[in-house]
Number of protein chains: 4
Amino acid sequence: MRGNFGEHFRLTIFGESHGSAIGIVIDGVPAGTPIDEAAIAADMARRAPGNDPTATARKEADAVRIVSGILNGRATGTPLCGMIENTNTRSSDYAQMSARMRPGHADYAGRVKYHGYNDPRGGGHFSGRLTAPLVFAGAIARQLLAVKGIAIGAHIAAIGGAADTPMDPVHVDAAALAQLRGLRFPLLDPEREAPMRAIVEAARLEGDSVGGVIECAAAGVPAGIGSPFFGSLESVTSQLLFSIPAVKAVEFGDGLAISALRGSAANDPMRFDEDRVVCTSNHNGGVTGGITNGMPVLLRVAIKPTPSIAREQQTVNVLTGENEALSITGRHDPCIVPRAVVVVESALAVALCELMMDDAANNALK
Amino acid sequence: MRGNFGEHFRLTIFGESHGSAIGIVIDGVPAGTPIDEAAIAADMARRAPGNDPTATARKEADAVRIVSGILNGRATGTPLCGMIENTNTRSSDYAQMSARMRPGHADYAGRVKYHGYNDPRGGGHFSGRLTAPLVFAGAIARQLLAVKGIAIGAHIAAIGGAADTPMDPVHVDAAALAQLRGLRFPLLDPEREAPMRAIVEAARLEGDSVGGVIECAAAGVPAGIGSPFFGSLESVTSQLLFSIPAVKAVEFGDGLAISALRGSAANDPMRFDEDRVVCTSNHNGGVTGGITNGMPVLLRVAIKPTPSIAREQQTVNVLTGENEALSITGRHDPCIVPRAVVVVESALAVALCELMMDDAANNALK
Amino acid sequence: MRGNFGEHFRLTIFGESHGSAIGIVIDGVPAGTPIDEAAIAADMARRAPGNDPTATARKEADAVRIVSGILNGRATGTPLCGMIENTNTRSSDYAQMSARMRPGHADYAGRVKYHGYNDPRGGGHFSGRLTAPLVFAGAIARQLLAVKGIAIGAHIAAIGGAADTPMDPVHVDAAALAQLRGLRFPLLDPEREAPMRAIVEAARLEGDSVGGVIECAAAGVPAGIGSPFFGSLESVTSQLLFSIPAVKAVEFGDGLAISALRGSAANDPMRFDEDRVVCTSNHNGGVTGGITNGMPVLLRVAIKPTPSIAREQQTVNVLTGENEALSITGRHDPCIVPRAVVVVESALAVALCELMMDDAANNALK
Amino acid sequence: MRGNFGEHFRLTIFGESHGSAIGIVIDGVPAGTPIDEAAIAADMARRAPGNDPTATARKEADAVRIVSGILNGRATGTPLCGMIENTNTRSSDYAQMSARMRPGHADYAGRVKYHGYNDPRGGGHFSGRLTAPLVFAGAIARQLLAVKGIAIGAHIAAIGGAADTPMDPVHVDAAALAQLRGLRFPLLDPEREAPMRAIVEAARLEGDSVGGVIECAAAGVPAGIGSPFFGSLESVTSQLLFSIPAVKAVEFGDGLAISALRGSAANDPMRFDEDRVVCTSNHNGGVTGGITNGMPVLLRVAIKPTPSIAREQQTVNVLTGENEALSITGRHDPCIVPRAVVVVESALAVALCELMMDDAANNALK
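Owing to the predicted nature of the structure, the values given are computational and were not obtained by experimental measurement.

Chemist: Quick rundown of the overall build of chain A? Include the residues and the values.
Modeler: Helix and strand content of chain A: nine helices and 18 strands. Relative to a compact globule of 366 residues, whose C-alpha radius of gyration would be 21 Å, chain A shows 21 Å and is just as compact. By its C-alpha atoms, chain A is 70 × 50 × 35 Å across when sized along the principal axes. With 366 residues in all, chain A has 66% of them scored as buried. Sequence-distant contacts, at least 24 apart, represent 72% of the contacts inside chain A between residues at least 6 apart. As displayed, chain A offers around 10600 Å² of accessible surface, 52% of which is attributable to carbon and sulfur atoms. Positive and negative side-chain charges of chain A, numbering 32 and 38 respectively, have mean locations separated by a distance of 5 Å.

Structure (structure tokens):
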């Protein structure tokens, strides 16, 4: 249940990692919207495995079959279903371990919830592979936003504790974000790449994994988007961000750090820039009272290290009732952070579509 | 719009800080539930201002009038409306400044969204005062959870950068949480109270404010609650937590810090404790794959410093079109963190009710 | 649960007939909308009892207290709560019978659902009195629609089997609908009033009651409102219409009668009226495929006879476990149809607001 | 937009009649539920065309591919996607007429809503073919209900004005309903089949079509299911029933006819049948106050005559701007009523699942 997102730009994700196919139904793409399938493919490729040494060697084509909702390159306005057939799955890697609950994974929690009937192969519906449909939705959302002058981009803010230069919260522009999107290992300071890769490689060699932080921004978001309380930009966006497997923290603006500031330092002074109101700092990440204030929207998410590791771990065997040791074999990403960058961007893109549509509904009957 | 929370335990908040009244409609309290009004009053008092030097001197009775849904001390099963009349409002303090947008507040964002028609008095619908209805709902949610053996409690994890001892993530018990709830300034290490108060007092004397961090736990939550993706425990809970004005970050388990760990350190090993599966650490905060694993649920939220400060700030006057300086007068909390503790607990209590009801619905037709 | 309506123009109804108060929260009224309180009062008066011999002699002021969401005569854009205090309740009339389940009422069904804890006084949350908040919402919805050139009106199509002249389905104009709204006993053929009243009076004298049919139209609805399947105009409107206690049938266009026609008679031929597309008949009631086609929207609802009757009925006493006879005393409407006219109009007005807002959201991101 | 149904048993329908495929995602099937694919196929066959002279000669296999949510014959508990590939489509029959708006169809309404971008082939997303996924969902829902002792069945109550014997509203049993489900042309009085078929055949020969009425019952529904107001059994069920293309009226119990009765005739007397409360009549169709009372749930829907007819009709050509005559060629059902029987049953089955799950959620936290 609660498998749907949204009231306006609605997403319904389905599928299991090693089942027949995975997919998504998107309801809310305006009729007539030209759909740029090359741009979708580009985003899908950013998430796809097999393209970088930080990622699993599995190859997934992740080619999306458009089942409905697009005709002659344009959205029909009715539910748009995109599907990705599952191929190249080596379930035997996973089958042997299904009785031993993998630490850090949803194996045990899912087993209790679904009374043992969920599909354990490859993580089933819990698999990070299910973020591929979210990227598909995000790629479409991004196209809708682009027409409104909104651009979204993200970088690897940290891997294994090693940080990139943070974004300038006040000056974020669309061109810089587009440039980031072109990078397979998006950093603001390219000199950080080598040390970060070294951290990942060291972990990989030890059969271990590392996590990281992704910082994401949206430029060009007009003021007035979002609502107080349950429909706050942070509420809606965090619902999506925490849907991404492995996300354990979400921050807006200064986030955790703002809690150590004084009000005089945390408040963003305002001034007129010609007839536009701007802030001279952006500790609030472009959102106050749950509503955008016209400054760049800025957020960070913490990604935990990939739980699938080769190193031996202690766990339970639910069939034998014994405590056992487990070494996870198979192909796994020592670090999913680079592949997760586009997933985080997608979540923000979807949230902004939802909220901008909400705002239009609000104002429809004036 | 999007002013509602929930599909099962539904909340609809209404009211403006200095309007006629504020309130909430709760749909989903089971018929026949005995409602402990004294426990509600106790929670309301924890949030109410005027009880501590860290808070505003305004007195708000915050007595909740039960308008519907309770008969002879038990829930009727139909929508339960609780209302708090607004009294003791000194709007003149605020009226003078409504043209000057208060930095860090929703004044400007709200003005754009509502085209200048929202109620500016006391922050209107954006006011922290609107968390009182949320505490009312949380107090009822907590009673429902108590019957299921679930206890929720929180402490001030930090104020102005000064930290309390963190909770032991593995051993959280109901009695310890109950003890915390009895404290007006809840800390695990009582020796931290004096330095924290000194930080607040220093800020107050300088016409400034400070923020902080609240750590909250739920003990006794069974495994299997929550869903993957959009209905994850983190997604649903964060929607509520980010509804609380001033919250800028939400973390589960190790949160941001987990991003710097290796998988071998972040994964929580499992073992049988008699026939119960337990983890020997709790970096995941009791949630994997969006679903509880039977360990304590642990989260932290960052509260920004109160934006209402006496110190002069630079801002815009939207009527004159001029940049102007602003000193906010009136009664304001130099630190809202102590009062926000019960609000955070309430959000978690509501989220758990929602998700446990969802789980029951899932299993209804077996 | 499911006590809310809508995704855009959201309603949350609360209250019990003889409790403290009843009310509604409306989320979705655009900020800045001027609210005509006199027009609201006029609609409330149309529903209020005590104004006509067909209705109960109880007097209910039904004055709505605006608790939130309106400032200086305009909507603030945040949730609008209207509340009606309960006064003049004579619960003793009802108390004596709460053990004997009234036939045709929700007493028994409600007792099972709520395990005996629901408020039985005056029907509690099941009372027709709860339609007063719906009329309040409808009165506001009507004002929003009026700005878009949409007018709604209804008449008594039948009482106790005696029919009024049906509406001309092709030619419905706003002025004629406004005229109907000015009548306490709205009929297209005023000569039918005396015989209808005679039917009601005859039933009343025999301690009995009668039902009827209400026909309702909306003029000026643009083509393109509504969706196929679950969001069809008929789906959304019927959800609201069947929320009205005593409604047992809902028809659009020719309704039941269309099932006996051939396609060649039921299809509405189209032609250009200058550059506007019109139909030369309106068997479909202005809706095809769930979407408006620009013709008047036409519907009828069947209202069952008031179940509260003085005549002796056979029923069960749930406390004694005996079959018993029951004569309902107290003040009851021998016919609620005249008072229900404005409730039906309100349901259609709310549905149209919801769907027009949905359409605006759909088109927001083009 | 509003393309989803439900909060607990959630449906998301996608697809266009002559697109790549159509399908549905069902969220809420309990993990571990054995899925009887033969029973699904049997229901699909009841709806499928090509099996009866009343129906179109098109053959549609309507074989459902289970894309997700079932493993080893049991539901996994995660979203269940069923898909039907589109084959054997002869779009050329339709293509020629896409500029001429078919009377009685959604062509014009849809064109306005979707700005001309919707898929016109075969009616696109408006096609009756989209009821196939609903039947798939209904077949699963029926299996869930069967375990709870609930059976659903329906018959052709009328075709072209010729009526079958009505159901006995008080005595409806599961065996009789099962027997109806086994009939391709389900009638209570088999002697009515020949005259009904003659009516259909006469229409067909004249290039015309006929509509009809379907009466549907559920036996074994416990008392206490449904809610007052927006979640009434009638509200939720009618939302689904009016989603079925061609439905123009929905009645519960006596429906329209109850409006002509007196209260003393319409109220259903109650008595104890051992310790069970029963009614001695069932004018209310098993529902009072929106909640089931333990009597059979009874409803009727009016189906309009198939709008696709060969006879010449007057309409508009939206490309030329001219009024034109139109004769629809291609294969069409002269009467869809027999095929719609299982669709109506499916809608009721889905509604009951939704409401029973809602009831379980309500009672979860006692």
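Chemist: Any details on the pattern of salt bridges? Residues and values, ideally.
Modeler: Side chains bearing opposite charge may pair, as long as their charged atoms lie close to each other. This model, assessed by the stated rule, comprises 88 salt bridges over all chains. With a shortest N-O distance of 2.7 Å, Glu201 of chain A and Arg204 of chain A are connected by a salt bridge. Here the residue Glu201 of chain A and the residue Arg204 of chain A both occupy positions in helix α6 (residues 193-205), the gap between them amounting to three residues, near one helical turn. Accessibility expressed as a relative area gives 31% for Glu201 of chain A, which makes it partly exposed. Between Glu324 of chain C and Arg100 of chain C there is a salt bridge, and its shortest N-O distance comes to 3.9 Å. Linking Glu324 of chain C in strand β18 (residues 322-326) with Arg100 of chain C in the loop between α2 (92-95) and α3 (107-113), this pair joins segments that are 224 residues apart in sequence. Counted as one network, the salt bridges with shared partners bring together Asp43, Arg46, Arg142 and Glu345 of chain A.

Chemist: Could you give an account of the sheet that holds strand β1 (residues 4-5) of chain C, with specific residues and numbers?
Modeler: Residue and element names in this part refer to chain C. Spatially, β1-β2-β3-β7-β4 is the arrangement adopted by the five strands of the open sheet, whose pairing is antiparallel. Of all the strands in the sheet, the pair left with one neighbour each is β1 and β4 (65-68). Bridge count for β1 against strand β2 (residues 10-15) is two bridges, and the pairing is antiparallel. Note that in β2 the partner of Phe5 across the bridge is Leu11.

Chemist: Kindly report on the relation of the copies chain D and chain B, identifying the contributing residues and their values.
Modeler: With an RMSD of 0.0 Å, chain D superimposes on chain B once it is rotated by 180° and translated 0.0 Å along the axis. When the rotation and shift are considered jointly, the pair of chain copies conforms to a two-fold rotation axis. Closest approach to the rotation axis within chain D is made by the C-alpha atom of Ala361 of chain D, at a distance of 2.4 Å. A share of 100% of the interface residues of chain D reappears at the interface of chain B, consistent with the copies meeting face to face through the same patch.

Chemist: Describe helix α7 (residues 233-241) of chain B, with residues and values.
Modeler: The element α7 of chain B is extensively covered by neighbouring structure, given that nine of its nine residues are classed as buried. Taken residue by residue, α7 of chain B has Leu233, Glu234, Ser235, Val236, Thr237, Ser238, Gln239, Leu240 and Leu241 of chain B as its buried positions.

Chemist: Break down the relation of the copies chain A and chain B for me, with residues and values.
Modeler: For these two chains of identical sequence, chain A goes onto chain B by a turn of 180° and a shift of 0.0 Å along the axis, with RMSD 0.0 Å. Most of the interface of chain A is mirrored in chain B, where 100% of its interface residues are also at the interface.

Chemist: Talk me through the packing of aromatic side chains; I want residue IDs and the actual numbers.
Modeler: Within this structure, the stated rule accounts for 16 aromatic pairs over all chains. Each ring, one from Phe5 of chain A and one from Phe230 of chain B, has its centre 5.9 Å from the other, and the planes form 50°; the classification is tilted. Of this pair, Phe5 of chain A sits in strand β1 (residues 4-5) while Phe230 of chain B sits in the loop between β10 (212-219) and α7, on two different chains. Relative accessible area serves as the criterion here: at 0%, Phe230 of chain B is assigned to the buried category. Within the aromatic cluster, the residues linked to one another by ring pairs are Phe5 of chain A together with Phe229 and Phe230 of chain B.

Chemist: Talk me through the interface of chain D and chain B; I want residue IDs and the actual numbers.
Modeler: The partner chain B presents 18 residues to the 18 residues of chain D that form the contact. Around 1700 Å² of area is buried between chain D and chain B when both sides are counted, 66% of it from carbon and sulfur atoms. Our count for the chain D to chain B interface comes out at two salt bridges. At the junction of chain D with chain B, the criterion picks out seven residue pairs in polar contact (both at pLDDT 80 or more). Elements supplying a minimum of two residues to the side of chain D that touches chain B: α4 (131-147) and α9 (337-362) of chain D. The dominant element in the side of chain D that touches chain B, judged by the number of residues it contributes, is α9 of chain D, at six residues.

Chemist: Run through the packing of helix α7 (residues 233-241) of chain C against helix α9 (residues 337-362) of chain C, naming residues and quoting values.
Modeler: Residue and element names in this part refer to chain C. Contact geometry for α7 and α9: axes closest at 9 Å, N-to-C directions at 140°. Judged on the interaxial angle alone, α9 and α7 are oblique. The element α7 and its partner α9 pack so that their crossing is right-handed. Judged by residue contacts, Leu233, Val236, Thr237, Leu240 and Leu241 of α7 engage Val344, Ala347, Leu348, Val350, Ala351, Leu352, Glu354 and Leu355 from α9.

Chemist: Lay out the interface of chain A and chain B with the relevant residues and their values.
Modeler: Residue-level contacts link 109 residues of chain A with 109 residues of chain B. The tally of links from chain A across to chain B stands at eight salt bridges. The partner of Asp359 of chain B in a salt bridge is Lys113 of chain A, with the nearest N and O atoms 2.7 Å apart. Our count for the chain A to chain B interface comes out at 52 residue pairs in polar contact (both at pLDDT 80 or more). Of the residues contributing to the side of chain A that touches chain B, the split by class is 49 nonpolar, 41 polar and 19 charged. As paired strands, strand β11 (residues 247-252) of chain A and strand β11 (residues 247-252) of chain B are joined by three bridges and run antiparallel to one another. Each residue of the ladder has a partner; that of Ala249 of chain A, found in β11 of chain B, is Glu251 of chain B.

The rules behind these values
Residues numbered from 1 in each chain as written. Chains lettered and ligands numbered in written order. Predicted model: local features only at pLDDT ≥ 70, side-chain atom pairs only at ≥ 80, totals over all residues. Heavy atoms only, no water. Helix = DSSP H or I, 4+ residues; strand = E, 2+ residues; numbered from the N terminus. Rg over C-alpha atoms; globule rule 2.2 N^0.38 Å. Buried < 20%, exposed > 50% of the residue type's maximum accessible area, 1.4 Å probe, protein only. Contact = heavy atoms within 4.5 Å. Areas by Shrake-Rupley, 256 points an atom, 1.4 Å probe, with all protein chains shown as cover. Lys, Arg positive; Asp, Glu negative; His and termini not counted. Charge placed at Lys NZ, Arg CZ, Asp CG, Glu CD. Salt bridge = Lys/Arg side-chain N within 4 Å of Asp/Glu carboxyl O. Pairing = 2+ DSSP bridges. Least-squares fit on C-alpha atoms with pLDDT ≥ 70 in both. Phe/Tyr/Trp six-rings, centres within 6.5 Å; stacked < 30°, edge-to-face > 60°. Buried area = accessible area lost by both parts, 1.4 Å probe. Polar contact = N/O pair within 3.5 Å; in protein donor to acceptor, adjacent residues only side chain to side chain. Axes fitted to C-alpha atoms, helices over the stretch in contact; angles between N-to-C directions. Parallel < 35°, antiparallel > 145°, perpendicular 65-115°, else oblique. Left-handed = near helix turned anticlockwise from the far one by under 90°. Nonpolar A, V, L, I, M, F, W, Y, C, P; charged D, E, K, R; others polar.

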